[in-house]
Each structure stands twice: as structure tokens, then as C-alpha cells.
Amino acid sequence: MLDMLIAGFLSVLTVETMFLIFVGVFAGIIFGSIPGISATMGVTLFLPLTYGMEPIGGLALLCAVYIGGVSGGLISAVLLNIPGTPASIATTFDGHPMRQKGEAGKALGIGIVYSFLGGIFSLIILMLVAPSLARIAVQFGPFEYCAIALFSLTMVSGLSSGSLVKGLLACLLGITAAFAGIAPVSAATRLTFGIPNLVGGFSTLPVLIGLFALPQIFELAEKKSRKGNLASSAEVFTDYNIKGFGFTMKEFKSQMGNMLQSSFIGTAIGILPGIGGGVSNMFAYGMAQKRSKNPEKFGTGIIDGIVASESANNATTGGALVPLLTLGIPGDSTTAVILAGFTIHNITPGPNLFNTDGVLVYGIFAALFIANIFMIIQEFMGLRLFVKLLSIPQHIMLSVVFIFCVVGTFALNNSMFDVLSMVIFGVVGYILQKLAFPLTPIVLGFILGPLVETNLLRGLGLSDGSFRPFITEPIAAAFIIFTVLTIAFTTKHEVFKKQKVVEVSK
Amino acid sequence: MLERNKNLIGALLFLVFGILGYVSTFSFPQSVAKIGPDFVPKIVFGLTIILSIMLIVGHYSSRKKIASSQDKNAEEARREVKFKPNIILLIVVVLLFAYVLLLESIGFMILTPILLFALITLLSPEGENKYLRTAVISLVTTFAVYYVFRVFFNVMISNGILG
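Basis of the calculations
- Residues numbered from 1 in each chain as written.
- Chains lettered and ligands numbered in written order.
- Predicted model: local features only at pLDDT ≥ 70, side-chain atom pairs only at ≥ 80, totals over all residues.
- Heavy atoms only, no water.
- Helix = DSSP H or I, 4+ residues; strand = E, 2+ residues; numbered from the N terminus.
- Rg over C-alpha atoms; globule rule 2.2 N^0.38 Å.
- Buried < 20%, exposed > 50% of the residue type's maximum accessible area, 1.4 Å probe, protein only.
- Contact = heavy atoms within 4.5 Å.
- Salt bridge = Lys/Arg side-chain N within 4 Å of Asp/Glu carboxyl O.
- Nonpolar A, V, L, I, M, F, W, Y, C, P; charged D, E, K, R; others polar.
- Expected span 1.5 Å × (residues − 1).
- Phe/Tyr/Trp six-rings, centres within 6.5 Å; stacked < 30°, edge-to-face > 60°.
- Lys NZ or Arg CZ within 6 Å of the ring centre and 35° of its normal.
- Axes fitted to C-alpha atoms, helices over the stretch in contact; angles between N-to-C directions.
- Parallel < 35°, antiparallel > 145°, perpendicular 65-115°, else oblique.
- Left-handed = near helix turned anticlockwise from the far one by under 90°.

A. Local environment of the overall build of chain A. Along its length, chain A carries 23 helices and 2 strands. At 22 Å, chain A has a C-alpha radius of gyration in line with the 23 Å of a compact globule built from 506 residues. C-alpha atoms of chain A, sized along the principal axes, occupy 70 × 65 × 55 Å. Relative to its 506 residues, chain A shows a buried fraction of 64%. Pairs at least 24 residues apart make up 79% of the contacts formed inside chain A by residues separated by at least 6 positions.

B. The arrangement of the environment of glycine 118 of chain A in detail. Residue and element names in this part refer to chain A. Residue placement: glycine 118 occurs in helix 6 (residues 104–137). Taking the C-alpha atoms as reference, glycine 118 lies 36 Å from leucine 173; in sequence the two are 55 residues apart. Once you skip the residues sitting within four places of it in the chain, glycine 118 turns out to touch Ser263, Ser311, Asn314 and Ala315.

C. View of the interface of chain A and chain B. The partner chain B presents 64 residues to the 65 residues of chain A that form the contact. Joining chain A to chain B, the criterion identifies 0 salt bridges. Elements with a minimum of two residues in the side of chain A that touches chain B: helix 8 (164–179), strand 2 (189–190), helix 10 (214–227), helix 19 (394–413), helix 20 (416–434), helix 21 (440–462) and helix 23 (474–505) of chain A. Ranked by the residues each element gives to the side of chain A that touches chain B, the list is headed by helix 19 of chain A, at 12 residues. In the side of chain A that touches chain B, the residues fall into 43 nonpolar, 14 polar and 8 charged.

D. Layout of helix 12 (residues 256–271) of chain A. For helix 12 of chain A, with 16 residues, the first-to-last C-alpha span of 23 Å sits near the 22 Å given by 1.5 Å per residue. Those residues of helix 12 of chain A that are buried lie in contact with helix 6, helix 13 (277–291) and helix 14 (303–327) of chain A.

E. Spotlight on the packing of aromatic side chains. All names here are of chain A. Tallying each qualifying case throughout the model produces 25 aromatic pairs over all chains. Taken together, a centroid distance of 5.1 Å and an interplanar angle of 80° make the contact between phenylalanine 93 and tyrosine 285 edge-to-face. Linking phenylalanine 93 in helix 5 (residues 89–100) with tyrosine 285 in helix 13, this pair joins segments that are 192 residues apart in sequence. Measuring from ring centre to ring centre gives 6.4 Å for phenylalanine 202 and phenylalanine 417, while their planes differ by 10°; the resulting arrangement is stacked. Taken together, the residues span a long stretch of sequence, with phenylalanine 202 in the loop between strand 2 and helix 9 (204–212) and phenylalanine 417 in helix 20 at a distance of 215 residues. According to the relative accessible area criterion, phenylalanine 202 is partly exposed, its value standing at 24%. In this structure an aromatic cluster arises from ring pairing among Phe93, Tyr285 and Phe298. Positioned above the aromatic ring of phenylalanine 437 is the side chain of lysine 166, whose terminal nitrogen or guanidinium carbon lies 4.9 Å from the ring centre.

F. Local environment of the packing of helix 7 (residues 142–159) of chain A against helix 21 of chain A. Residues and elements named next belong to chain A. Following both chains from N to C, one finds helix 7 and helix 21 inclined at 155°, their axes separated by 8 Å at the closest point. The orientation of helix 7 relative to helix 21 falls into the category roughly antiparallel. The element helix 7 and its partner helix 21 pack so that their crossing is left-handed. Each residue belonging to the contact of helix 7 with helix 21 can be placed in one class, and the counts come to 16 nonpolar, 6 polar and 1 charged.

G. Structural context of the environment of glutamate 103 of chain A. All names here are of chain A. Counting through the fold element by element, glutamate 103 comes out in the loop between helix 5 and helix 6. Judged by its relative accessible area of 27%, glutamate 103 falls in the partly exposed class. Residues glutamate 103 and cysteine 171, spaced 68 residues apart in sequence, show a C-alpha to C-alpha distance of 44 Å. Every residue in contact with glutamate 103, bar those within four places of it in the chain, is listed here: Met98 and Gly301.

Written out as C-alpha cells, the structure is:
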């Protein structure tokens, strides 16, 4: 493993790749810190730029945007009291009170340092767990893959909105979108409606960009016509001052347990499909409060809250990459975009990747490590700049983003059909969002649907049309049981919640 | 829009979608294999139909329960009925489609500044729009994007009437 790690580091220690990581982290922090623009959207917008790059350069860039994006949210959480991304919601709980006490600099310093520590913690877990998991996963057959993908889809559908049924419907829509074109195994052409461009199916990129970037523009337009006037951009507080890291060695020691616990929670939640940084920071905050000696102080501006939230959300990054790298199955929207970054270069992530492209995998580990280091340096050195950029008005930012979406989508195949489908997916995504359907299951359905179908047909071909291996193969059976349990638990939870609502309203 | 009405509208949309999809699977090319290219689509569309019916049933059963005991929601619903058409939203959607459809024939360098100027002006908070600034941003963005993609990434963005 050590020789691979060294080879991985050597592969990214080129001027070009280091530059890409630097730029990626920088852009990620900007996207993450501006409310309304998520880390996922940032990674999506950078996807088209990676076509012409070497695989390691392109993937390093995407991972760097991811790391920067998850961390950047803390800047607006502390200074604006608006989380830049859902991953830093819990950071506002104590970050904002600290700013009111005149401790904004300290809050930022702690947030930055613990973002770094959480990120590194999860990276170590990723490096320890992924290779051995890949060794097991190599033996998986079609039934195992099918069961794992079904489990992921159910988790994502159940957890990304309040309603399992709506999540599943969204997921099925995504699977349907992937039907268009040439069917797996039989290679028959279906659902092309006589459109020649559809024979190849929808490309992933227009779907991703359409669903993750465009609804934001429509949202802004709708807000504008509803209210007639938007409040002008929120006031940014600039009364912060960082001395050193902003905290003492004694405080650092006292937060050790909290940091380890929150990082562990973040990594574990990241590995599970369906839930990511948006959940882990809240969960870690709650756990830290529960285990604290003085829980009543949470929310009044103590560092424990920021430590919990920021180490957990950054720890999610390493965790989320575990299923992607070992199984080729993304667990959330951002890793789905990174998966597209692999497929653009004709690389299929999964257990075999560790054998065929080991240097690339360890190169990605190295890139993540370097990205975390750049993140802590850039956030300390360039804080003033990021704060300035926070005041770029949304209407300008999003208009410019649209042009990027168009050109970026076009760049993939030089096809205006792709661009048109991007806008159509954007409109569909916006309508569904308005009807309170989650968008992440659509994307995961679109990406995992073909995987489920291919493996199902292949498996049934091997078993002469019998579904029995789903029960007799232990790993497949385990994941089918997990899937059923997920459905049972989310349904029970929803019914319970509904009864409560009815009781309250009576 | 009220949460439950959202469910109903969404469910009806998905129901129509599921039925149309299911019907379309019968015209899929048949293969000799017992499990053909219509196998998984049939399951997916079938599930879509079942789940949207579940959502519709859920809508009516929860409405009955709550409507009897609650007037506040009804009031809220009445307020929600006064649904104002979103003119700006509509214009933005039309603009984006028009831009994409005309891009190839008219050309990136001409159409992009116009779209950007229109978008930024439409979306800006009232009283905050500075036309000169918007014009400069529109032009600079167009040139920057064109240059970056053309020179660094070799993307042949349409020149349209500029040839």
C-alpha cells in the first residue's frame, strides 16, 4: 500500500495538478460560501472543464471543489448567519452568537481548523477502509450489485425528502430518463420517439447541470415576481479579526473528544447512501450537546458547537467517497457528479479500479490530502477576499452561471441537443421542486438505473430467469433485507409523524 | 400552494406519465429472450402508477381527517388559491429557451450579451439596477467565456451570422 501511496502522491505533485487543486479549492470555497449556490452545483459547473484534462488532473480538480465547497459554507454561517450550504446549518447555532459577542474571528478560526481536522480524519478512514472493501467487492456478482444499488436508491428516496413515496417517484423518473436509447444486454432501441439524438440516450451532464443549476435561476425569478422587490443583498459583517488560529492550546485539548466523535459521525453518515453533510452536521451537533457536561450552553456561542458541526460536515467528504470508489455507487448528489467525472474519461469506478488504476485511486487520495491543506491555508490567508466575494449579488452570479451551463454542456459533444435537454431537465426539476419532490433521487435513479437493469438482466440470464439468488446469495440477501427494513422504518416514521400532526391540529 | 395540493398535482402528473410509459412499452422491439428490453421498464412504470395512486389516496384520506377539525388550514388554502401568475418567471423560461434555440443560427457573441443583459435586469432587485454596470458585465462575461472555451478547450461555439 505504501508504494502505491507514494506513486499516487508523485502523480499529483506536478505543477499542473497542484495548480488545478489550488484553483478548485478556491472556487469551491466561493461556491460554498455564497448562499443559494451549493457545493454540488460548484462541482457540476467544473465538470465540463475536465474533458480535455488528464484523468488525475480532472478528478483532482473535482475533489478539490468538493472539499472547498463543503468547508466554505462556514464563512457565511458565521458572518451572515445564513449557512452557505446545508452542511453548515449547525455552524450558525453557535457561530452567530459568537459573532454577536465580538468573537467572529475566533469562530471562523475554529471552523477552519476543525474543517481541516474532520477532512483529514475521514481521509485516513477512507484510505484504510477502501482498499480492503474493494478486495471484498471484487467478488460481487450481478445479484449483489443489483441489491446494493436497490438499497442505495431506497435510502436516497426515503431520506432526501419527508416522503418515501415522493422520493421513490422521483427516483423512478430518473430511471425512466435513463431508459431512452439503447437498452442494456439486448441492445434494442427504445423510447427515442424517433429523435436520432436520443439513440445514444441522454448524456449525464445535461441532466446533472439541468437539475442542479437551473432551478436556482427559476427560483430567483419566481421570488422576484412574487415579492416585486427582493431585499438587497444581506449585509456582510467585517468586524472580525483572527490572531493565530483564534483559540488556545487548552481549548484545543478540551475539544479532542468532541472532534473525534463528530468526525466519526460525519464519516459514518457519509458512507451511508442517501444522507450527507446536510444531516451529519446537525446530528453531530445534537450528539455533542447530549454528551456535554453543560448542554445548556449550546447555542449561546460556545466553540463546542462549531467544532462538532464543522468537523462532521468535512468528515462526510471522505466517507461519501468510500462507496463511490469501492463499488462505483455514489451515495449523494455530489459524489454522483464526481462519478460523471470518472465516466467522462471512460473510467468505471469500482473494486477493479484498485487493480487496474491503483495509481489513480491513490492519486485521488493524495489530491484530497493536498486539497485539505490548501483549504486551511486559503481560508486563513484569503478570508478577506472570500468575504468580499460574498457580496456578489445573486442575480448577476446566476445569470453568468447560466452561460457557463450552456457552453459547458455544449462542450461535451458539440451538441445543441444536449443544451436543449439541459434546459428541459431544468424546467422539469424546478416544477418538481415546487411540488415538493426531491431532486437527488432523480439524479441517482438516472445514474444507478442502468446499473440495476444491466445487472438484473445479466443475473437472470445466469440463473435462467430465477430470482432465487436474491435470497440464497448471502450478501445480496442482506442488502435486500436492508432495503425492506429501510422502507419499513421510513414508512413507520412517516405514519407516526402524520398522526402527530393530526393530533396537534385537533 | 398547500402541501397536500402539491401532492395531488404531483401524483396526477406521475400517474399520467406512468400510464403513458407503460403503454409505450408494448411497442418496444421484441427480443427472442424471455426477459426483453421491456421487462425493467414495465416494472418501473408499473411502480410509478402504483405509487402515484398511493399518493392520491393518501391525499384524500388525510384531507378528510384534517378538514373536519381544522378551519385554519381552509383559510390558508383560500389564501393560496389566489395564485398570481409569475410573469417574470415565465419571461425567464421563454428567454432561456429562445437563447438555446437561436444560438446556433444567430451566434454566441451576439446573443449572449443580449441574454445576460436581459436576465440580470429582470432578476435584479428594484432600484438597484445599474444599466452601465450590467452592460459591462454582460460583455466581459461573453468575451471571457468565449475566449476560455475557444482557446483553452477548443470548443467550437457557434459564430452564427458572424461566420
